[in-house]
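Residues per chain, in single letters:
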Amino acid sequence: MFFLFIIRFDIDKKTGRVFTISLEPSRQLDRELVDVYFMSVDAVDGAGMRTTVQLQIKLNDLNDNIPQFIVNNNNPARFTVATSLGLNESSSEKFLLGYIEENSDNSKWIEIVRLQAYDRDAEVPNSQTEFEILGSEFNNRFIDFFELEKESMGLARLKLVNNKTLDYEQIIALKVSNKNRGINDMSKVIRPFSSIRLNPGEIDLDLYLKVRDLGHPTLFSTITAKIIIKDVNDNP
C-alpha cells in the first residue's frame, strides 16, 4: 500500500500510479509558479513493514502566457487623458511614446520609441519574442516610414526608414480630412484628435505594434506607439 502526502497529487494505493487530484482552474499546475514538486511516498506491506522514498515531479512548460509590452512612462503628464474627450482622467490605456521634430532623420530623435516585452513562460521557444509593425493611422499611410531595429531578445527600437521624414502640417491636414471637420483654427483641431496632452506646435501620429512569442500556438499582444511631431518654422 502507498501513501502520498501532498495536496496537488494523489496516488493509487495498489499500483502506485501518481495523478493530479483536480481539473479545477484554481488548482491546476502552473509551471511558472512551481516547476518542481518534491514529496514523500511510503510503501507499506501486509505485515506493516514500511519504507519511504522521495519523489520528484518536474513540470513541462506549455505556451500558456501571452507576451506583454513593458511601458516605462517617463513623462506621466503626457498620458493624462483630456477631459474634453469625455474619457476618465485615470484611464489605464497604455502607450509607447516617441518625440521628434518634423523633417528630422534618425539622428535627431528627441525621445526614441523603445520596445520592451516579457513572456512569463519559462522555456524557449515559448519565452522568446519578436516585434512587428502592424500599421499606422490613415489606412497605413505611414507604415513604410518606420522599421524596427532589434537590440536583444525582447528589446528593440523604432527607426525612420532612410530618407523618410514626418511633416507636421501634412499630418494635421490628414487628421482634419479624415474627421471632415473643416476647422481652420489649428488649436481646435489638434486637441480633439489626441488622447495625450500636447503642447502648442505638436501633433501625434499613431503606430500599431505587435509582440508575439515563438511558441505553439503563437500568442501575441498589441500596443499603440504615439509619435509626437514638433513643428518647426519651415514654411514662409
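Let me begin by describing the structure that accompanies this report. If you're wondering where the values come from, they're calculated on a predicted model, not measured in any experiment.

Grouped together as the largest cluster of nonpolar side chains are 31 residues, with contacts concentrated most on Phe-142, Phe-146, Leu-166, Leu-205 and Ile-227. Looking at this core, the elements that each hand over two or more residues are strand 7 (95-101), strand 9 (114-118), strand 10 (129-136), strand 12 (155-160), helix 2 (168-179), strand 13 (202-213) and strand 14 (220-230). Counting 6 residues, the second-largest nonpolar core is a separate cluster that includes Leu-97, Tyr-99, Ile-196 and Ile-228.

Among the secondary structure elements, Lys-175 is positioned in helix 2. One polar contact links the side chain of Lys-175 to the main-chain carbonyl oxygen of Asp-204, over a distance of 3.1 Å.

For the rest of this paragraph, the subject is the side chain of Asp-213. Note that Asp-213 resides in strand 13. Although Asp-213 lies buried, it forms no salt bridge, and the closest oppositely charged side chain, Arg-212, sits 6.4 Å away as judged by the N-O distance. In terms of polar contacts, Asp-213 uses its side chain to reach the side chain of Asn-63, at 3.2 Å. If near-sequence neighbours (up to four positions away) are discounted, Asp-213 is found in contact with Asn-63, Asn-65, Pro-67, Asp-119, Asn-126, Gln-128, Thr-129, Thr-218 and Leu-219.

Another point: unusual backbone geometry. Cis geometry is adopted by the peptide bond preceding Pro-125, which originates at Val-124 and carries an omega value of 5°. Along the chain, Pro-125 turns up in the loop between strand 9 and strand 10. Here the amide bond leading from His-216 into Pro-217 is cis, since omega sits at -5°, within 30 degrees of zero. In this fold, Pro-217 is placed in the loop between strand 13 and strand 14. In this structure, Asn-139 takes a positive phi of about 55° despite not being glycine. Take Asn-139: it is sitting in helix 1 (residues 137-140).

What counts and how
- Residues numbered from 1 in each chain as written.
- Predicted model: local features only at pLDDT ≥ 70, side-chain atom pairs only at ≥ 80, totals over all residues.
- Heavy atoms only, no water.
- Core = buried A, V, L, I, M, F, W, Y, C linked by side-chain atoms within 4.5 Å.
- Buried < 20%, exposed > 50% of the residue type's maximum accessible area, 1.4 Å probe, protein only.
- Helix = DSSP H or I, 4+ residues; strand = E, 2+ residues; numbered from the N terminus.
- Polar contact = N/O pair within 3.5 Å; in protein donor to acceptor, adjacent residues only side chain to side chain.
- Lys, Arg positive; Asp, Glu negative; His and termini not counted.
- Salt bridge = Lys/Arg side-chain N within 4 Å of Asp/Glu carboxyl O.
- Contact = heavy atoms within 4.5 Å.

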